[in-house]
Amino acid sequence: MISLQNVSKYYPAGFGKTYVLRNITLDINEGEFVSIMGPSGSGKSTLLHILGMLEEPSEGEYLFFDQPVQKLSEKRRTELHRNYIGFVFQAYHLIDELTVYENIETPLLYKGMSSSERKSRVAELLDRFNMVAKKDLFPSQLSGGQQQLVGIARAVASQPKVIFADEPTGNLHSDHAKEIMDLFKKLNKEDGVTIVQVTHSEVNAEYGNRILRLKDGWLESFQVPTLERE
Amino acid sequence: MFRNYVVIAFRNLWKHKLFSFINVIGLASGIMVCLLALIDIKGAFDYNNFHPNSNRTYRVLTDVTGNDNQKIAFASTPLPLADVLKREYGFVEKTARIIRDYTEFTVDQKKLGDYYCAVDPAFFTVLGYKLATGQPATAPNTAVVTPQTAEKFFGLANPIGKVIHTKEFGSITVTGVFQTLPIRSHLHFGLALSMPTLSTANRKQQQIDWKQYTIGYTYVLLKEGASVDQFEKILPTIAARATKAIRFRSEKGYTFRAQSMTTLSPSREELQMGTWEPSWGKLATEMSVGLVTLLLAVFNYVNLTLARSLSRAREVGIRKVSGAVRWQLMGQFMAESVVLSVFALGVAYVFLMLIEPMPFVQQWLIGGVQLDTTLWAVFVGFSIVTGLLAGFVPARVLSGFRPAQVLRSQTGLKVFKGITLRKSLIVAQFAIALIAMIALLSMARQQNYMATADYGFRSDRILNIPLNNVPYQRLANELNRIPGVEHVSATSELFGSHGGAYQNVRRQKSGGDSTAVFITAIDQNFIANMDLRLLAGQNLPEMVADTTGEGSPGRFVLINEEAVKAFRMGNPREVVGQSLWLNDTTEVQIAGIVKDFRFTTFNWTIKPLILNYQPKRFRFVNVRIAERTTETTLVGIQRVWKSLNPREPFAGEWYSDFLYKRHSHEDDVNFMGLLTALAFSIACLGLLGMVTYTTETRIKEVGIRKVMGAEVRQIIWLLSWDFVKLLLIAGAIALPLGYLAGMAFLINFAYHVSIGFETLGGCIGLLLGLGGLTIGFRTYRAALSNPADSLRSE
């Protein structure tokens, strides 16, 4: 479903350019759970942003469901965000002025869903994530782990085909982190959602079935799909 | 979606209370001034509403072409026009002529001046001035009075059947009373006399004279279904026919055109002999003052919203990755500004109620206007549009954030957008406030100067008493007997006002140049009483008045230095004894020269003046009272007044009080002061908000600097300098402009205050003082903060 061909990203710096990503060629199939690893500044987040169509590559070609992303109009790209892509962030990035319920509802609003549809969808998610009791609380009243749960619920609300997660457990204790990773695993397994995560932690990376290692903008190696599937 | 916008808007406003407070107060002030203007505009349309058939009622205007080919429009018409229209044109149902004038009416020996309209019978049906009781005035020497005039003339007694007297028309019987006239009416009058009452030869001549087009007004009611085009077409024809036989002197001719009652107010053009309808120009000025005030508040909104953009940037990023497109985000931000603005409308209405009793507001702006649903709809619509406009710029900027930039996990993200814009807006706000302040202060100082300056004649301890038909000599004799009264004199005019009567005076009986000269009647005590100085010659000789107090005018006159110059008479000593001709038959001899003093307002330089003895023209006595005995003397004077004229209340007034009231227009200054204060507080609130947000974002820097040994003083300076710089720039822009604005007002006065260091320095001092306090208040608190708190890692 995702295919990068010789994708590079650079920024102008002085008279030359600073490369963040170099010649990335990569395919991700539907249903995969991919972990991107690498030291700070290796271009992990930039790669994720390109995959999530938040940034555009400087060179190369990106096909999303066989459509060339570079040629899509702004409107079409927004359509993809609404219906195919979900995001989870390290800093949760919930809207402080909205309750848990309203935060989860936000992507559905932009999707143009009817009020009753939205209600049942959000109720279902709250139920599934065990957050019914907290639906009227504001983000500042929740713990980090709970906030990230809301973040994930928001990401899956519009039933995306793929979720991009940027260090989803970076700000969490290991107990909470495990909870969140299990949840991703479950989403991948049971709902068939493709997941691409950026992580620092080998442990968390192991949840995926493939690990991509980045160093100085180069894609180092492929981790052969492991056999430790349960 | 919409509900969601509004909910978020409310939560945001609630969360940032300082921000909301500043914006609501600012916008409310601006909206309030706009409401005043909107109400006045609505009122301007009320002028046409109460007339019964205003859609087929027209006033005929006269377009006069002068010898220089300049066209001048008059609201008035020659009087015979009405008759021609009614007699010769079938589609004219009724015509009504109106002649406006002012005269003195005598009621029970009281003399009361009032405005009257002489009207045709159709006046009572064509125009909407309804009668409360009685009959319309149609027979000769009848009148209908307004309730106010009825009360002024007859007290609480039933006015119908009562008789009033005038010099010109004799006795007039009251046949009816109007309902209280609408305040919003293009005609203001106390009485409507029947047209045949104007029966003197002169008045009768006017009624058939096609040459005079400034005497009266012609209103025409067309028959139902009559064609307006036809009416408009015949008017020039009539004018052409009428002017054929006339030889004009100072104009080439005139033509007529129709002005519909529905478009009479607000007036689109300047009409000579105009009536009381407001002009578009006045309304536009009011509205632009309102819009400028509102603009200042909108600047605050733009400024503060952009300053907070950092906290909103993340939200924009999240919403965008959730699938929001730009217009949806703009919609959300603009919904916020609209909610704020509608809320401000509510507060503005409260403000409006607070300033409603101000005399300026009643008299010039909103007096007599009903707030109906249409007006409220306009108010709400206006505030929504304001909100949309105020929200537009911030919404564009905020919705333009790119999610990849604002959602990166790294801290230390700096999103400062539109810094130049924000700085310019602050400078503009303070510059506008400062210009207004300088102009207003110049105006107030000039008025105070005129109210208290030395006019060259004595004004303290002089009590002016209007004579009101009390024989002057008797009153003077009685007053002189009261202990504490030092001098008593008489005059026809109070100096320091418009200067009174003037006429052309010649040095030779016929031929030679004539010079316009003010002529004031005084008695021989006046010079000494008012501390005027004679430069040459003598005072007026003592005249023996007869018992009625009406002696014959004296042969001798005094003139001022300016008159000597105007008549080119040379050395003052040689002037004494020369003669002047007041008209073809009256020759007077110059007895003495008076040192120049300012006898008019300061609008004019000193003009030529003749003082002569004309007891018939005396209207005031000037009583000079000894320093110590004021209280008891006043009681004595009032007793004398009561014994001579028991009907009228004592109306004496200190000369200095008269000058003060005449020249210090406190109501106007108060209202304009209010506007300036609003502008200034909006600017200061905006500055407060900006300083607050800026220091908040720099609190960590403050912590680091303190740890490294910076003193509180240095930190305050560090945080304040950027803003002080803005104030200084605003001052540099506003001082010259304010100076020009003030001079534009002062140039109207021959004698005026100068805009010097005290005005400019005072204004900029106030600006820096208030601005500095605003800045210092926040930066001082920031500088005192404990670095341990701000540097604690997240």
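Residues numbered from 1 in each chain as written. Chains lettered and ligands numbered in written order. Predicted model: local features only at pLDDT ≥ 70, side-chain atom pairs only at ≥ 80, totals over all residues. Heavy atoms only, no water.

Now for the overall build of chain B. A count of helical and extended segments in chain B gives 25 helices and 22 strands. Here the C-alpha coordinates of chain B stretch approximately 105 × 75 × 55 Å along the principal axes. Residue burial in chain B is summarised as follows: out of 794 residues, 52% are buried. Residue pairs in contact within chain B that sit at least 24 positions apart in sequence constitute 81% of those at least 6 positions apart. Surface accessibility of chain B: about 36100 Å² in total, with carbon and sulfur atoms responsible for 57%. (Helix = DSSP H or I, 4+ residues; strand = E, 2+ residues; numbered from the N terminus. Buried < 20%, exposed > 50% of the residue type's maximum accessible area, 1.4 Å probe, protein only. Contact = heavy atoms within 4.5 Å. Areas by Shrake-Rupley, 256 points an atom, 1.4 Å probe, with all protein chains shown as cover.)

Attention shifts here to the nonpolar core. All names here are of chain B. Residues Leu35, Leu36, Phe430, Phe671 and Leu687 are the most contacted members of the largest nonpolar core, which totals 81 residues. Counting residues per element, this core draws most heavily on helix 2 (residues 17–46), which supplies 16 residues. When neighbours within four sequence positions are excluded, leucine 36 is seen to be in contact with Leu352, Ile355, Val361, Leu365, Ile366 and Phe671. Core analysis: the next-biggest nonpolar cluster, separate from the first, contains 52 residues, Ala490, Leu532, Leu609 and Ile637 among them. (Core = buried A, V, L, I, M, F, W, Y, C linked by side-chain atoms within 4.5 Å.)

With that settled, consider the packing of aromatic side chains. Inspection of every chain in the model, using the stated rule, returns 51 aromatic pairs over all chains. An angle of 90° between the planes, with centres 6.3 Å apart, marks the rings of phenylalanine 64 of chain A and tyrosine 84 of chain A as edge-to-face. One end of the pair, phenylalanine 64 of chain A, is in strand 4 (residues 59–64); the other, tyrosine 84 of chain A, is in the loop between helix 2 (74–83) and strand 6 (85–88), and 20 residues separate them in sequence. Judged by its relative accessible area of 27%, tyrosine 84 of chain A falls in the partly exposed class. Ring centres 5.7 Å apart and planes at 80° place the aromatic pair phenylalanine 495 of chain B and phenylalanine 526 of chain B in the edge-to-face group. Here phenylalanine 495 of chain B is found in the loop between strand 13 (485–491) and strand 14 (502–506), whereas its partner phenylalanine 526 of chain B is found in helix 16 (residues 526–529), with 31 residues between them in sequence. Given the relative accessible area of 1%, phenylalanine 495 of chain B is considered buried. Between the NZ or CZ atom of lysine 17 of chain A and the centre of the ring of tyrosine 10 of chain A, over which it lies, the distance is 4.3 Å. The ring of tryptophan 14 of chain B has lysine 17 of chain B lying over it, and the distance from NZ or CZ to the ring centre is 4.6 Å. (Phe/Tyr/Trp six-rings, centres within 6.5 Å; stacked < 30°, edge-to-face > 60°. Lys NZ or Arg CZ within 6 Å of the ring centre and 35° of its normal.)

Here we take up a nonpolar patch on the surface. Residue and element names in this part refer to chain B. Among the surface-exposed residues, Ile729, Ile733, Leu737, Tyr739 and Leu740 lie close enough to one another that they form a single nonpolar patch of about 440 Å² accessible area. With respect to the secondary-structure elements, leucine 737 resides in helix 23 (residues 712–746). On the basis of relative accessible area, leucine 737 is assigned to the partly exposed category, the value being 41%. (Patch = residues over 30% accessible without salt bridge, like charges linked within 9 Å, V, L, I, M, F, W, Y side chains within 5 Å. Salt bridge = Lys/Arg side-chain N within 4 Å of Asp/Glu carboxyl O.)

Here we come to the domain arrangement of chain B. Interfaces are often described in size by the accessible area the parts lose on coming together. What the domain assignment reports for chain B is domain 1 (1–43 + 280–417), domain 2 (54–263) and domain 3 (469–650). For domain 1 of chain B versus domain 3 of chain B, the distance between C-alpha centres works out to 63 Å. (Domains from an automatic or database assignment.)

The subject of this paragraph is the packing of helix 5 (residues 144–157) of chain A against helix 6 (residues 174–190) of chain A. Residues and elements named next belong to chain A. Contact geometry for helix 5 and helix 6: axes closest at 10 Å, N-to-C directions at 15°. Judged by the angle between their axes, helix 5 and helix 6 are roughly parallel. In the crossing of helix 5 with helix 6, the sense of the turn from one axis to the other is right-handed. Contact residues: Gly145, Gln148, Leu149, Ile152 and Val156 in helix 5; His176, Ile180, Leu183, Phe184 and Leu187 in helix 6. Per-class residue counts for the contact of helix 5 with helix 6 are seven nonpolar, three polar and no charged. (Axes fitted to C-alpha atoms, helices over the stretch in contact; angles between N-to-C directions. Parallel < 35°, antiparallel > 145°, perpendicular 65-115°, else oblique. Left-handed = near helix turned anticlockwise from the far one by under 90°. Nonpolar A, V, L, I, M, F, W, Y, C, P; charged D, E, K, R; others polar.)

Moving on to the interface of chain A and chain B. Listed per partner, the contact involves 28 residues of chain A and 27 residues of chain B. In total, about 2500 Å² of surface goes out of reach between chain A and chain B, with carbon and sulfur atoms giving 54% of it. Taken as a group, His93, Glu97 and Tyr110 of chain A account for 29% of the area that chain A buries against chain B, more than any other trio of residues on that side. At the junction of chain A and chain B, the tally comes to three salt bridges. The salt bridge involving arginine 11 of chain B is made with glutamate 102 of chain A; its shortest N-O contact spans 2.5 Å. At the junction of chain A and chain B, the tally comes to eight residue pairs in polar contact (both at pLDDT 80 or more). Mapped by element, the contributors of at least two residues to the side of chain A that touches chain B are helix 1 (44–51), helix 2 and helix 3 (100–111) of chain A. Sort the elements by how many residues they give to the side of chain A that touches chain B and helix 3 of chain A lands first, with six residues. Of the residues in the side of chain A that touches chain B, the class split is 11 nonpolar, nine polar and eight charged. (Buried area = accessible area lost by both parts, 1.4 Å probe. Polar contact = N/O pair within 3.5 Å; in protein donor to acceptor, adjacent residues only side chain to side chain.)

Time to look at the state of the cysteines. All names here are of chain B. Tallied over the full model, the rule gives zero disulfides over all chains. Unpaired in terms of disulfides, cysteine 684 finds its nearest cysteine sulfur in cysteine 763, a separation of 14 Å. For cysteine 684, a relative accessible area of 11% translates into the label buried. (Disulfide = S-S within 2.5 Å.)

What follows deals with the sheet that holds strand 1 (residues 2–13) of chain A. Reading across the sheet, the four strands line up as 2-1-4-5 (chain A) and stay open at both edges, with antiparallel pairing between neighbours. The outermost strands of the open sheet, each flanked by one partner alone, are strand 2 (16–28) and strand 5 (67–68) of chain A. (Pairing = 2+ DSSP bridges.)

This part takes up helix 5 of chain A. In an α-helix, one turn spans 3.6 residues, which is why side chains three or four residues apart end up on the same side. If you check helix 5 of chain A, its first and last C-alpha atoms are 20 Å apart, about what 14 residues at 1.5 Å a residue would give, namely 20 Å. Taken across its 14 residues, helix 5 of chain A has 12 buried, putting it largely inside the fold. Taken together, the buried positions of helix 5 of chain A are Gly145, Gln147, Gln148, Leu149, Val150, Gly151, Ile152, Ala153, Arg154, Ala155, Val156 and Ala157 of chain A. Looking at the buried side of helix 5 of chain A, the elements it contacts are strand 6, helix 3, helix 4 (115–128), strand 7 (162–166) and helix 6 of chain A together with helix 9 (309–321) of chain B. Of the residues flanking the end of helix 5 of chain A, it is glutamine 159 of chain A, one or two places downstream, whose phi is positive at about 50°. (Expected span 1.5 Å × (residues − 1).)

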